[in-house]
Amino acid sequence: MQVSKWSSRLSIALAVSFLTACGGSGGGSSQTYVPSTPPPPPPSGPVTPTWVAGVYEPQSEFIAKCEVPRTGTDPFSGEPYPDEEGTAMDEKLWLRSWTNDTYLWYDEVDDNDPANFSVLGYFDQLKTDELTPSGTPKDNFHFSQATDEYNELTQTGVTSGYGIEWEFVRSAPPRELIVRFTEPDSPAREAAIPRGARVLEVNGVNFVNGGSQADVDVLNDGLFPADNGTVTSFVFEQADGTELSVDLTSADVEVVPVQNVRVFDTPAGKTGYFQFNTFIRTAQGGLIDTVEQFVNENVTELVIDLRYNGGGLLALASQLSYMVAGPSQTNNAIFETLQFNDKNPNTDPVTGRAIQPTPFYSNVIDYNAGVLTNEILPSLSLTRIYVLTTGSTCSASEAVMNSLRGIDIEVVQIGAPTCGKPYGFYPTDNCGTTYFTIQFQGVNNKGFGDYADGFMPTSSPNFDFELPGCVVEDDFSAALGDPSEGMLAAALEYAETGACPVTASQIVASTNAFAASKQAESTLSIKRPDELKNALILHNKINAPVIREPQQ
């Protein structure tokens with residue numbers, strides 16, 4: 001009975017309070033109800049999501065939710081940026097779900113608390129720590145890059161600097177930095193800096209033995225200027241021992257993928273040669289022009305210099321392979337089939353489409369629109385080619401070698417073992433950073449794709465990753481395309497005799513250089529921006545699906 005009376009009185013009190021708060025009259029009272037505690041203010045800014053170990057929300061819950069959203073229009077796509085206000089945790093949880101969905105070895109990734117990392121630091125550890133049979137890391141190709149910088153390089157072929165491609169032999173004292181080659185129309189080419197020149201001084205600092213952090217800062221600022229218009233004084237030692245002193249002014253340099261096209265009259269017949277540096281979209285025209293020249297000059301032997309080409313667009317690799325092999329040998333054959341993680345045996349987890357083998361593309365591609373045109377590519381219809389390789393020959397370059405072997409084209413390898421990357425990815429932008437994580441492995445027409453330790457030249461191949469050929473050092477004493485240059489000379493002799501020259505080396509310079517560089521890492525090491533560029537652009541297969549337009 002007491003409970004009933006209390007409930008009635010409480011109901012009446014609440015009713016009176018409601019009437020007075022709304023301005024109504026109750027019992028003649030004119031007072032307005034004021035709560036004793038004001039309500040909390042609405043939350044300001046986005047709500048930070050929570051990580052729960054082992055629970056992976058859909059990517060769509062976090063994508064384009066950015067701690068610092070971009071505004072305006074993307075100059076490369078012409079579309080507004082998709083970004084909206086979010087948090088660093090949104091970005092990290094998107095990376096986590098994206099990795100769990102698409103990474104080839106997702107089940108080898110530790111589910112660490114993202115709160116303990118920055119966004120980029122968190123991405124860096126979202127990969128496997130397993131090793132290949134030779135003991136090297138299984139995933140050596142896990143990187144990120146500012147999206148605007150990535151687009152600038154891959155879509156325009158323009159990069160800033162002097163136009164020098166460097167060979168980093170040793171990054172710490174006694175340092176050694178050699179010019180591999182220079183880009184046409186670049187500051188370095190105009191200054192006539194030759195292949196094989198070694199750096200002695202940068203802005204008056206001893207490059208080889210400069211032993212203070214102040215020296216290293218001067219060297220880094222001079223070698224890799226942040227801005228165009230920076231003037232730097234260099235002293236080089238040329239291959240003949242003479243010194244060359246030049247002042248170089250940094251500028252935007254257009255990357256020229258196809259260089260040093262040559263046709264040699266040899267005992268083996270007309271032999272074509274070209275240096276091919278990267279599979280970016282701007283390379284298509286140069287490749288077509290080169291093959292057309294070879295067809296017109298009745299070339300019967302071909303040497304492709306891939307020693308510094310770490311890869312790029314798979315579609316372009318397919319086109320090059322077709323131009324080598326021709327229509328009869330590629331008819332109804334597969335260039336490469338992509339295999340994704342075990343969650344996605346039949347469906348591409350990035351595009352959502354059914355997995356379809358990549359054919360040997362026989363048509364010119366409109367890379368801006370992502371479609372095949374009706375224009376047929378020229379072709380040589382060769383049954384054998386020679387490739388020049390080093391440890392910097394990776395990914396899409398290896399895919400060319402693998403795909404041609406898959407249709408029984410003989411591939412003779414001259415140089416050093418390749419880097420070993422049958423893997424690739426879709427570059428994926430989120431919040432202004434483009435992420436690269438291994439999402440697929442490629443196999444050829446015969447189903448082979450196991451060359452994680454690289455293709456290796458040998459006189460007696462026994463395994464599928466061993467190719468006929470010769471181990472030869474990278475020769476910096478002669479220009480690329482010079483028939484006396486060591487690797488090219490070995491290829492020309494092999495084409496004539498079917499055997500390696502007696503001077504072929506069993507010690508590979510690039511392998512030694514890499515080992516020396518790794519041993520030399522210290523606080524006095526110069527920067528190696530080439531590692532980032534090579535990792536993102538050169539040492540990767542970049543999959544960009546191509547659509548076949550309907551016939552007109």
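For every chain, the first residue of its written sequence is number 1, and the numbers climb from 1 along that sequence. For a predicted model such as this one, the threshold for reporting local features is a pLDDT of at least 70, and the threshold for listing and counting side-chain atom pairs is 80 or more; totals across whole chains, interfaces and linings nevertheless cover every residue. Side-chain metrics in this entry use all non-hydrogen atoms of the structure; hydrogen atoms and water are not considered.

Details of the packing of aromatic side chains
Reasoning step 1: Any Phe, Tyr or Trp ring, taking Trp's six-membered ring, that has another such ring centre within 6.5 Å forms a pair; planes under 30 degrees apart are called stacked, those over 60 apart edge-to-face, and the others tilted. For the structure shown, the criterion picks out 23 aromatic pairs.
Reasoning step 2: Ring geometry for tryptophan 94 and tryptophan 98: centres 5.0 Å apart, planes at 15 degrees, overall stacked. With tryptophan 94 and tryptophan 98 both in helix H2 (residues 88-102), this residue pair falls four residues apart, about one helical turn. With respect to class, tryptophan 94 is no different from tryptophan 98; both count as buried.
Reasoning step 3: Consider the rings of phenylalanine 276 and phenylalanine 279, whose centres lie 4.7 Å apart with planes at 75 degrees: the pair is edge-to-face. A run of DSSP states H or I qualifies as a helix once it reaches four residues; a run of E qualifies as a strand once it reaches two. Both are numbered from the N-terminal end. We call a residue buried when its accessible area falls under 20% of the maximum for its residue type, exposed when it is over 50%, and partly exposed in between, using a 1.4 Å probe and counting protein chains only.

Let's talk about the state of the cysteines
Reasoning step 1: Counting rule for disulfides: a pair of cysteine sulfur atoms within 2.5 Å. What the rule picks out here adds up to three disulfides.
Reasoning step 2: The disulfide partner of cysteine 394 is cysteine 419, and the gap between their sulfur atoms is 1.9 Å. Residue cysteine 394 is located in the loop between strand E20 (384-389) and helix H9 (396-406), and its partner cysteine 419 is located in the loop between strand E21 (410-415) and strand E22 (423-425); the two are separated by 25 residues in the primary sequence.
Reasoning step 3: Two residues, cysteine 470 and cysteine 500, share a disulfide whose sulfurs are 2.1 Å apart.

Focus: the sheet that holds strand E24 (residues 433-436)
Reasoning step 1: Criterion used throughout: strands pair if DSSP finds at least two bridges between them. In spatial order, the strands read E3-E24-E23; together these three strands make up an open sheet with antiparallel pairing. Only two strands of the sheet have a single neighbouring strand rather than two, namely strand E3 (143-146) and strand E23 (428-430). Each neighbouring strand pair of the sheet contributes to a mean axis angle of 30 degrees, computed without reference to strand direction.
Reasoning step 2: In what follows, a contact means two residues having at least one pair of non-hydrogen atoms within 4.5 Å. For helices, the fitted axis covers only the stretch in contact; all axes are lines through C-alpha atoms, and the angles between them, taken along N-to-C directions, range from 0 to 180 degrees. Lying over the sheet, H2 contacts E23 and E24, oriented at roughly 155 degrees with respect to E23.

Topic: the sheet that holds strand E26 (residues 456-458)
Sheet strands pair via backbone hydrogen bonds, and the direction of the pair is either parallel or antiparallel.
Reasoning step 1: Reading across the sheet, the seven strands line up as E12-E13-E14-E20-E21-E27-E26 and stay open at both edges, with mixed pairing between neighbours. The sheet is open, and its two edges are formed by strand E12 (258-266) and E26, each paired on a single side. On average, adjacent strands in this sheet sit at an angle of 30 degrees to one another, irrespective of strand direction.
Reasoning step 2: Bridging between E21 and strand E27 (residues 466-471) involves three bridges; their strand directions are parallel. Its bridge partner lying in E27, glycine 415 is registered against valine 471.

Considerations on the pattern of salt bridges
Reasoning step 1: The rule for a salt bridge is simple: a side-chain nitrogen of Lys or Arg has to be within 4 Å of a carboxyl oxygen of Asp or Glu. What the rule picks out here adds up to 14 salt bridges.
Reasoning step 2: In this structure, arginine 70 and aspartate 429 form a salt bridge, with 3.0 Å as the shortest nitrogen-oxygen distance. Remark: aspartate 429 occurs in strand E23 and arginine 70 occurs in the loop between strand E1 (65-66) and strand E2 (84-85); sequence separation between them is 359 residues.
Reasoning step 3: Looking at aspartate 429, the relative accessible area reads 29%, which means it is partly exposed.
Reasoning step 4: Here aspartate 265 ties to lysine 270 by a salt bridge, and the two come within 3.3 Å at their closest N and O atoms.
Reasoning step 5: Given the relative accessible area of 65%, aspartate 265 is considered exposed.
Reasoning step 6: Looking at lysine 270, the relative accessible area reads 31%, which means it is partly exposed.

Quick word on the confidence of the model for the protein chain
Reasoning step 1: One number per residue, pLDDT, summarises how confident the predictor is, and it ranges from 0 to 100. Averaged over the protein chain, the pLDDT score is 86; the fraction of residues at 70 or greater is 83%.
Reasoning step 2: Segment residues 506-521: pLDDT under 50, and 28 contacts once partners within four positions in sequence are set aside and those in other chains are kept.
Reasoning step 3: Scored below 50 in pLDDT, residues 535-539 makes 31 contacts in the model with residues more than four places away or belonging to other chains.

Observations regarding H2
Reasoning step 1: The end-to-end C-alpha distance of H2, which contains 15 residues, comes to 21 Å, matching closely the 21 Å that a straight helix rising 1.5 Å per residue would cover.
Reasoning step 2: With 14 of 15 residues buried, H2 lies mostly within the body of the structure. The length a helix should cover is 1.5 Å for every residue beyond the first.

What to know about helix H6 (residues 213-223)
For an α-helix, 3.6 residues make a turn, and residues three or four places apart therefore share a direction.
Reasoning step 1: Where H6 is concerned, the buried positions are Val216, Leu219, Asn220, Gly222 and Leu223. Along the long axis of H6, the arc covered by the buried residues comes to 170 degrees, so they all point the same way.
Reasoning step 2: Next to the buried residues of H6 lie strand E5 (164-170), strand E6 (176-182), strand E7 (198-202), strand E8 (205-206) and strand E9 (231-237). Think of the arc as the fan of directions from the helix axis to the C-beta atoms.

Considerations on the nonpolar core
Reasoning step 1: Grouped together as the largest cluster of nonpolar side chains are 54 residues, with contacts concentrated most on Phe274, Phe276, Leu302, Ile385 and Leu404.
Reasoning step 2: Where this core is concerned, the elements lending two or more residues are strand E13 (269-276), helix H7 (283-296), strand E14 (301-305), helix H8 (314-330), strand E16 (334-339), strand E18 (363-366), E20 and H9.
Reasoning step 3: Per-element tally for this core: the top contributor is H8, with nine residues.
Reasoning step 4: If near-sequence neighbours (up to four positions away) are discounted, phenylalanine 276 is found in contact with Pro257, Val258, Ala283, Leu287, Ile304, Asp305, Leu306, Asn309, Leu316 and Leu320.
Reasoning step 5: Residues Phe62, Val109, Val119 and Phe123 belong to the second largest nonpolar core, which totals 23 residues. As used here, the term nonpolar core means buried Ala, Val, Leu, Ile, Met, Phe, Trp, Tyr and Cys residues forming a set that is joined through side-chain atoms within 4.5 Å.

Here we look at the side chain of threonine 330
Reasoning step 1: Relative to the assigned elements, threonine 330 resides in helix H8.
Reasoning step 2: Classification of threonine 330 by relative accessible area gives buried; the value is 7%.
Reasoning step 3: A distance of 2.8 Å separates a polar side-chain atom of threonine 330 from the backbone oxygen of glycine 326.
Reasoning step 4: Setting aside residues up to four positions removed in sequence, threonine 330 forms contacts with Tyr322, Ala325, Phe360 and Ile407. By the criterion applied in these results, polar contacts are pairs of N or O atoms within 3.5 Å in which, for protein atoms, one can donate a hydrogen and the other can accept it, and in which residues neighboring in sequence qualify only through two side-chain atoms.

With respect to the environment of serine 362
Reasoning step 1: Within the element layout of this structure, serine 362 appears in the loop between strand E17 (358-359) and E18.
Reasoning step 2: Separated by 41 residues in sequence, serine 362 and serine 321 place their C-alpha atoms 9.3 Å apart.
Reasoning step 3: In contact with serine 362, not counting residues within four places along its chain, are Tyr322, Glu375, Ile376 and Leu377.

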